[in-house]
Structure formats: C-alpha cells, structure tokens
Amino acid sequence: MKAPSEVQAKSVGEVVLSWNTELESRTNFFKSKAKSLAEWDRHIWKNRHQLMALQVDLGKASTSQDRLERQLDILQVHQKQISDALNAMEAEAEHLSR
C-alpha cells in the first residue's frame, strides 16, 4: 500500500503539523460560520417576538375598531331618529303656523 502523495517524503511530525494546521483552519472557518448563524438566529428570534407583539397589537386595534364601528352605527341611528323627530316638529310647526 502506497502513502498518499501529500504525505510522501514528509516526516511524521511534518504530516501531523500539516494536519493540525488544516484542522485549525477548518475549525476557524466552522466557528466563523457558527457565529454568523448564531447572529442570524438571534435576529430571527428578535423579529419573531416583535411580530408576535405586533400581532397582539393588531388584534387589540381590530377589536377597538369593531367597537368604534358599532358605536358609530348607534350614533347614526340616533342621528336619524333626531333628524326624523326634528323634521316632524318642523312639519307640525309649519302646519300650526298656517
């Protein structure tokens, strides 16, 4: 069995040093990518919590809007009733003034 070309004509110390250097390089690359991934993960979690808070706020706003629309409908009914009563009084006053 023949040794791979990258270790031929090298001492055991040189091979181990070469492997350690490559391992350190790959370890640093991995740590860099892991750190970057951890940052993205923190951003995603932060944004997720912000989105959840916005969803709660949107639910509250929607509930408030529904309540305001019901109140507006009631006010419109009252306004129509007052307008109808005023028209009836005006008609009666006009009829009495003749």
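Above this note sits the structure.
Throughout, a residue's number is its position along its own chain's written sequence, starting from 1. Side-chain atom pairs in this predicted model are given and counted only at pLDDT of 80 or more, local residue features only at pLDDT of at least 70, and totals for whole chains, interfaces and linings cover all residues. The basis for every side-chain value is the complete set of heavy atoms in the structure, and neither hydrogens nor water enter the calculation.

Engineer: Would you mind showing me how to read the overall build of the protein here?
Structural biologist: For the protein, the helix and strand inventory stands at one helix and zero strands. Both definitions apply: the radius of gyration is a C-alpha atom measure, and the globule rule equals 2.2 Å times residues to the power 0.38. Relative to a compact globule of 98 residues, whose C-alpha radius of gyration would be 13 Å, the protein shows 40 Å and is clearly more extended. Its C-alpha atoms put the protein at 130 × 20 × 20 Å along the principal axes. Classification of the 98 residues of the protein by burial places 2% in the buried group. Secondary structure follows DSSP: runs of H or I at least 4 residues long count as helices, runs of E at least 2 residues long count as strands, and numbering of each begins at the N terminus. Only protein chains enter the calculation, and the probe is 1.4 Å; a residue is then buried if its accessible area is under 20% of its type maximum, exposed if over 50%, and partly exposed in between.

Engineer: What is the right way to look at the pattern of salt bridges in this model?
Structural biologist: Between side chains of opposite charge, a pair can form as their charged atoms come close. Any carboxyl oxygen of Asp or Glu that lies within 4 Å of a side-chain nitrogen of Lys or Arg is treated as forming a salt bridge with it. Scanning the model with the defined rule gives three salt bridges in all. Of the charged contacts, one joins Arg 26 and Glu 22 as a salt bridge, the two residues approaching to 2.7 Å between their closest N and O atoms. Here Glu 22 and Arg 26 lie together in helix α1 (residues 12-97), a separation of four residues that amounts to about one turn. Looking at Glu 22, the relative accessible area reads 39%, which means it is partly exposed.

Engineer: What exactly am I supposed to notice about the environment of Leu 75 here?
Structural biologist: Summarising the element assignment, Leu 75 is placed in helix α1. Residues Leu 75 and Ala 9, spaced 66 residues apart in sequence, show a C-alpha to C-alpha distance of 96 Å.

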